[in-house]
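Coordinates in review
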Amino acid sequence: MSKRILVAVDGSEEATEALRFAADEWPDAELTALHVINPADSATGANGGFPGASDQWYASAKQRGERLLSEAAEAVDRGVETRLEVGRPTKTILGVAGGETPVGEDDAPGEPFDHVVLASRGRTGLSRVLLGSVAEGVVRRVEVPVTVVR
């Protein structure tokens, strides 16, 4: 049975390196690149209170996410499945990793992944406290092996 690896992709060079690492480390594994659209980001946009702003924001965020996934997948010399989800990043990565988050609204829960790979940007001090750490949250709570690429 082939190993299934989930790689979180946020558009950073570190995340692309994490995907390259996973592709090199597990050449026979099935790779899935996951990008999470965080709804909390919509409140920081310039269109915050205008009617239709959330629809515009979501369309833009979805387009950006699809572009980031495409670029990340093109950075490795092999097939990579891509997946775009909406939610809080840590919780969503944990749900997808455990097979709890369905692929589509009408789908049953998916298969759990065998391993999670993600990047750490190495934030320290106040920025880490204020921004939190998706990598730390995943490492502390995921139920499968995890590799943090730095």
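We now turn to the structure provided with this report. (Residues numbered from 1 in each chain as written. Predicted model: local features only at pLDDT ≥ 70, side-chain atom pairs only at ≥ 80, totals over all residues. Heavy atoms only, no water.)

The next point concerns the sheet that holds strand E4 (residues 115-119). Taken together, the five strands give an open sheet; going across it, the order is E3-E2-E1-E4-E5, and neighbouring strands pair in parallel fashion. Edge strands, defined here as strands with exactly one partner in the open sheet, are strand E3 (81-86) and strand E5 (146-149). Here the strands of the sheet are splayed against their neighbours by 25° on average, with no regard to which way each runs. Along the sheet, helix H1 (residues 13-25) makes contact with strand E1 (4-8), strand E2 (30-37), E4 and E5, crossing E4 at roughly 145°. Of the strands in this sheet, E4 and E5 touch helix H5 (residues 134-141), which is tilted by about 160° from E4. (Pairing = 2+ DSSP bridges. Helix = DSSP H or I, 4+ residues; strand = E, 2+ residues; numbered from the N terminus. Axes fitted to C-alpha atoms, helices over the stretch in contact; angles between N-to-C directions. Contact = heavy atoms within 4.5 Å.)

Burial analysis of E1 places five of its five residues in the buried class, which makes it a mostly covered element. Across the two faces of E1 the burial is the same, with Arg4, Leu6 and Ala8 and Ile5 and Val7 all buried. Alignment of E1 against E2, held across five bridges, turns out to be parallel. In the strand pairing of E2, alanine 8 is matched with leucine 34. Between the parallel pair E1 and E2, the chain is carried across by H1, and the sense of this crossover is right-handed. Both E1 and E4 contribute to a ladder of three bridges, which runs parallel. If you follow valine 7 over to E4, its bridge partner there is valine 117. (Buried < 20%, exposed > 50% of the residue type's maximum accessible area, 1.4 Å probe, protein only. Right-handed = clockwise from strand over helix to strand, strands pointing away.)

Function-wise, these values are silent; they only describe arrangement.
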